[in-house]
Amino acid sequence: PYQQDLSEFKDKLDTIPKGHNSASDYHNIMIGILEAIFYPNLIYPIKEEHLHDGRKRVDITYQNASHTGFFEYLANHVISPFIMCECKNYNEDPGNPEFDQLSSRFSVRRGKFGILLCREIEDRNLVLQRCKDTANDDRGNIIVLDDTDIKTLLDFKINNDENSINEFMSNKY
């Protein structure tokens, strides 16, 4: 059953060690997890999409196909035909370079919204301020999701609670 598969995502996420050596494993599982949580709103994931003839890349890009909920709100208020995601399997909080990297992938054609995925957030206030800095400088909008957030979203999906997923994402935004 679908619910069992989602619980297995949570267990598998816990087995992936933090750090550079397991970055590919983290990246791969996040593609499946995000697709499971956000389908049918986000579709057609592209792993390591190359931009500017390969001079830049995005870890994961999804097409925003939503007609309801949070991603529909984005489509109506933020340029967001595509949702760009960066995966950071770090031992520490994402810093300015990680926010700058993701926001540098934004454009009027691709979109100006992204999700920065990381394992754990120690200083939530600083991470939130970095999100605000990016938005206030009109460089786009970023939401940061850590493993705890991902597991919460998976639990909502297991319970077929789309309203809670939309509310959670709206609150993060």
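Above this text is the structure in question.
Residues numbered from 1 in each chain as written. Predicted model: local features only at pLDDT ≥ 70, side-chain atom pairs only at ≥ 80, totals over all residues. Heavy atoms only, no water.

Chemist: Looking at this model, I keep getting lost on the overall build of the protein chain. Mind explaining?
Modeler: Within the protein chain, the secondary structure is distributed over 7 helices and 5 strands. Reading the helices (α) and strands (β) of the protein chain from amino to carboxyl end gives α-α-β-β-α-β-α-β-α-β-α-α. Radius of gyration (C-alpha) of the protein chain: 15 Å, near the 16 Å computed for a compact globule of 173 residues. Viewed in the frame of its principal axes, the protein chain has a C-alpha envelope of about 40 × 40 × 35 Å. In the protein chain, which comprises 173 residues, the proportion classed as buried is 46%. Summing over all exposed atoms, the protein chain offers an accessible surface of approximately 8900 Å²; the carbon and sulfur share of this is 46%. Taking the average place of the 20 positive charges on the side chains of the protein chain and the average place of its 29 negative ones, the gap between the two points comes to 5 Å. (Helix = DSSP H or I, 4+ residues; strand = E, 2+ residues; numbered from the N terminus. Rg over C-alpha atoms; globule rule 2.2 N^0.38 Å. Buried < 20%, exposed > 50% of the residue type's maximum accessible area, 1.4 Å probe, protein only. Areas by Shrake-Rupley, 256 points an atom, 1.4 Å probe, with all protein chains shown as cover. Lys, Arg positive; Asp, Glu negative; His and termini not counted. Charge placed at Lys NZ, Arg CZ, Asp CG, Glu CD.)

Chemist: What's the story with the state of the cysteines in this structure? I'm lost.
Modeler: Should the sulfur atoms of two cysteines be covalently bonded, the bond is a disulfide. Applying the stated criterion across every chain yields a total of 0 disulfides. For the unlinked cysteine Cys85, the closest cysteine sulfur is that of Cys87, found at 7.0 Å. Here Cys85 falls in the buried class, since its relative accessible area comes to 0%. In this structure Cys131 is a free cysteine whose sulfur lies 9.7 Å from that of Cys118, the closest cysteine sulfur available. (Disulfide = S-S within 2.5 Å.)

Chemist: Just checking my understanding: could you explain the nonpolar core for this structure?
Modeler: In a soluble, globular protein the nonpolar side chains are often hidden away together inside. Among the nonpolar cores identified, the biggest contains 34 residues, and Met30, Leu117 and Met169 are the most heavily contacted of them. The element contributing the most residues to this core is helix H2 (residues 23–38), with 9 residues. Once residues within four sequence positions are removed from consideration, Leu117 is found in contact with Tyr26, Met30, Leu34, Cys85, Glu86, Cys87, Lys88, Leu145 and Ile150. With 12 residues, the next largest nonpolar core counts Phe99, Phe106, Leu116 and Val144 among its residues. (Core = buried A, V, L, I, M, F, W, Y, C linked by side-chain atoms within 4.5 Å. Contact = heavy atoms within 4.5 Å.)

Chemist: For this particular structure, what's the right way to read helix H6 (residues 147–158)?
Modeler: In an α-helix, one full turn covers 3.6 residues, which means residues spaced three or four apart are oriented alike. Given a rise of 1.5 Å per residue, 12 residues ought to cover 16 Å, and the 16 Å separating the end C-alpha atoms of H6 matches this to within 8%. N-cap assignment for H6: the residue whose side-chain oxygen lies 3.2 Å from the backbone N of Thr148 is Asp146. (Expected span 1.5 Å × (residues − 1). Polar contact = N/O pair within 3.5 Å; in protein donor to acceptor, adjacent residues only side chain to side chain.)

Chemist: Sorry, what's going on with the packing of aromatic side chains here?
Modeler: Each aromatic ring pair is specified by the distance between its two centres and by the angle formed by the two planes. Inspection of the entire model under this criterion finds 7 aromatic pairs. Judged by centre distance (5.1 Å) and plane angle (80°), the ring pair of Phe38 and Phe71 falls under edge-to-face. Placement of the pair is Phe38 in helix H2 and Phe71 in helix H3 (residues 69–77), with a sequence separation of 33 residues. With relative accessibility at 2%, the residue Phe38 sits in the buried group. Both rings, one in Phe113 and one in Tyr173, keep their centres 6.3 Å apart while their planes meet at 55°; by these two values the pair is tilted. With Phe113 in strand E4 (residues 113–118) and Tyr173 in the segment after helix H7 (162–172), this pair connects stretches of sequence that are 60 residues apart. (Phe/Tyr/Trp six-rings, centres within 6.5 Å; stacked < 30°, edge-to-face > 60°.)

Chemist: It is not clear to me how the side chain of Lys88 should be interpreted in this structure. Could you clarify?
Modeler: With respect to the helices and strands, the residue Lys88 is situated in strand E3 (residues 82–88). What makes Lys88 buried here is its relative accessible area of 7%. In this structure the side chain of Lys88 is engaged in a polar contact, spanning 2.6 Å, whose partner is the side chain of Gln101. Discounting residues that sit within four places of it in the chain, Lys88 has contacts with Tyr26, Glu98, Gln101, Leu116, Leu117, Cys118 and Arg119.

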